[in-house]
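Structural overview for review
Each chain, written out:
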Amino acid sequence: PGSSSNETTEATRKANEKTENSRVSPTKHGSADIVHTLAFPSISTADFQFDLEKASDIIVEKAEEFLPKLGTARLVLVDLSHGSKILSAVKAKASRKNIDSARFFTFVGDITKLHSEGGLQCNVIANAANWRLKPGGGGVNAAIFKAAGPDLEAATRARANTLLPGKAVVVPLPSTSPLQNAEGITHVIHVLGPNMNPNRPNYLNNDYTKGCKSLREAYTSLFEGFLSIVQ
Ligand code: AR6
């Protein structure tokens, strides 16, 4: 009997993730031959309390569906910690389906500091937004609005005032935004996922039939938005 992956030590896992982060091929910062790359957080699985197993199935299914349409562009699922359960689940499922790991991979880091701290070049990032498209509220939404400065709120307002669950809106980032200067981000795509938290708006009361449909729609809108930038 060999050791199962469940028995992998924390140290080994950290080492593996570091290897994974470091194997990412560099792209030219700010130049025309950049490899279009979308970095996205796992929509709905923290503050919105969506089931991780179901979410990881949907992320892998949608990445597999969109990769052939995206040419050479890359999709990168990001989370803050080496212990991220959603990253491990997605990584394992993507590997089982033999999805090209150079074009779809997981990355540990702060989505607002991928280039400066992680050495990963992305030109587009996704935000797990709230329906009002407002800064704050914690999680990745607060981090992205803070890092981008007031420019992002004004640019968002020019596109939309609110968002429905399952929908995404592409916002070009003004060149004055620190997120563009320091990180090379040209677009933020706000996505509103389904909510399974009773203390947040549009609570789905554990209805995963509706929830999964809505999360699929959210990733479809997100990846279609990215496709519109790549094309
Ligand atoms: N970099 C990378 N990933 C992050 C970061 C970061 N800086 N911060 C959080 N994550 P969440 P939701 C990961 O809660 O569940 C907000 O208040 C986090 O570990 O941000 O869709 C909004 O205003 C998790 O994997 O989004 C909404 O009201 C993922 O990002 C509500 O929360 C999403 O976690 C949306 O809840």
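See the structure printed just above.
Now for a description of the structure that goes with this document. (Residues numbered from 1 in each chain as written. Predicted model: local features only at pLDDT ≥ 70, side-chain atom pairs only at ≥ 80, totals over all residues. Heavy atoms only, no water.)

**Description of the overall build of the protein chain**
Inclusion rule: Put simply, DSSP H or I for four residues or longer makes a helix, DSSP E for two residues or longer makes a strand, and each gets a number counted from the N terminus. The buried label goes to any residue with under 20% of its type's maximum accessible area, the exposed label to any with over 50%, and the partly exposed label to all in between, with areas taken from a 1.4 Å probe on protein chains only. When checking whether two residues touch, look at their non-hydrogen atoms; a contact exists if any pair is within 4.5 Å. Computed by Shrake-Rupley with a 1.4 Å probe, the accessible areas treat only the displayed protein chains as cover when residues are assessed.
Helix and strand counts for the protein chain come out as seven helices and six strands. In the protein chain, the order of α-helices and β-strands from amino to carboxyl end is α-β-α-β-α-β-β-α-α-β-α-β-α. Taken across its 231 residues, the protein chain has 46% of its residues classed as buried. Restricting to contacts in the protein chain with at least 6 residues of sequence separation, those with at least 24 account for 72%. For the protein chain, the exposed area adds up to about 11100 Å²; of that, 52% sits on carbon and sulfur atoms.

**Focus on the packing of aromatic side chains**
Quick note on the threshold: We call Phe, Tyr and Trp rings a pair once their centres come within 6.5 Å, taking the six-membered ring for Trp, and we label the pair stacked below 30 degrees between planes, edge-to-face above 60, and tilted otherwise. We count a charge as sitting over a ring when the NZ of a lysine or the CZ of an arginine lies within 6 Å of the ring centre and within 35 degrees of the ring normal.
With the rule as written, the count across this model stands at five aromatic pairs. Through a chain of ring-to-ring contacts, three or more aromatic side chains come together here, namely Phe 40, Phe 66, Tyr 219 and Phe 223. We note Lys 54 situated over the ring of Tyr 208; from NZ or CZ to the ring centre the distance is 4.8 Å. Positioned over the ring face of Phe 66 is Lys 69, at 4.5 Å from the centre of the ring.

**Quick word on the nonpolar core**
How we decide: Put simply, a nonpolar core is a bunch of buried Ala, Val, Leu, Ile, Met, Phe, Trp, Tyr and Cys residues held in one set by side-chain atoms that sit within 4.5 Å of each other.
Grouped together as the largest cluster of nonpolar side chains are 38 residues, with contacts concentrated most on Leu 38, Phe 40, Leu 75, Phe 104, Tyr 219 and Leu 222. Going through the elements one at a time, β1 (37–41), α2 (52–66), β2 (74–79), α3 (85–96), β3 (104–108), β4 (124–128), β6 (187–191) and α7 (208–230) are the ones with two or more residues in this core. Ranked by residue count, the leading element in this core is α7, at ten residues. Among all residues touching Leu 75, those that are not within four sequence positions of it are Leu 38, Phe 40, Ala 63, Leu 67, Leu 70, Arg 103, Phe 104, Phe 105, Phe 223 and Phe 226.

**So, the side chain of Thr 112**
Counted only if it meets this: Polar contact is the term for a pair of N or O atoms within 3.5 Å; when the atoms are in protein, one must be able to donate a hydrogen and the other to accept it, and sequence-neighboring residues count only if both atoms are side-chain atoms.
Along the chain, Thr 112 falls in the loop between β3 and β4. Since its relative accessible area comes to 7%, Thr 112 is described here as buried. For Thr 112, the side chain forms a polar contact with the side chain of Asp 110, separated by 2.8 Å. Every residue in contact with Thr 112, bar those within four places of it in the chain, is listed here: Ala 143, Ile 144, Ala 147, Leu 179 and Glu 183.

**Overview of the pairing of β3**
Worth spelling out the cut-off: Whether two strands pair comes down to DSSP finding at least two bridges between them. Consider the strands pointing away from the viewer: the crossover is right-handed when the path from the first strand over the helix to the second runs clockwise.
Counting buried positions along β3 yields five of five residues, so the element is predominantly enclosed. The two faces of β3 match: Phe 104, Thr 106 and Val 108 on one face and Phe 105 and Phe 107 on the other face are all buried. In this sheet, β3 lies alongside β2 in parallel orientation, the contact comprising five bridges. Counterpart to Val 76 in the pairing with β3 is Phe 105. At this point the chain moves from β2, through α3, to the parallel β3, and the crossover so formed is right-handed.

**Structural notes on the environment of Glu 61**
Relative to the assigned elements, Glu 61 resides in helix α2. In this structure, Glu 61 is in contact with Lys 97 and Arg 216, ignoring residues within four places of it in sequence.

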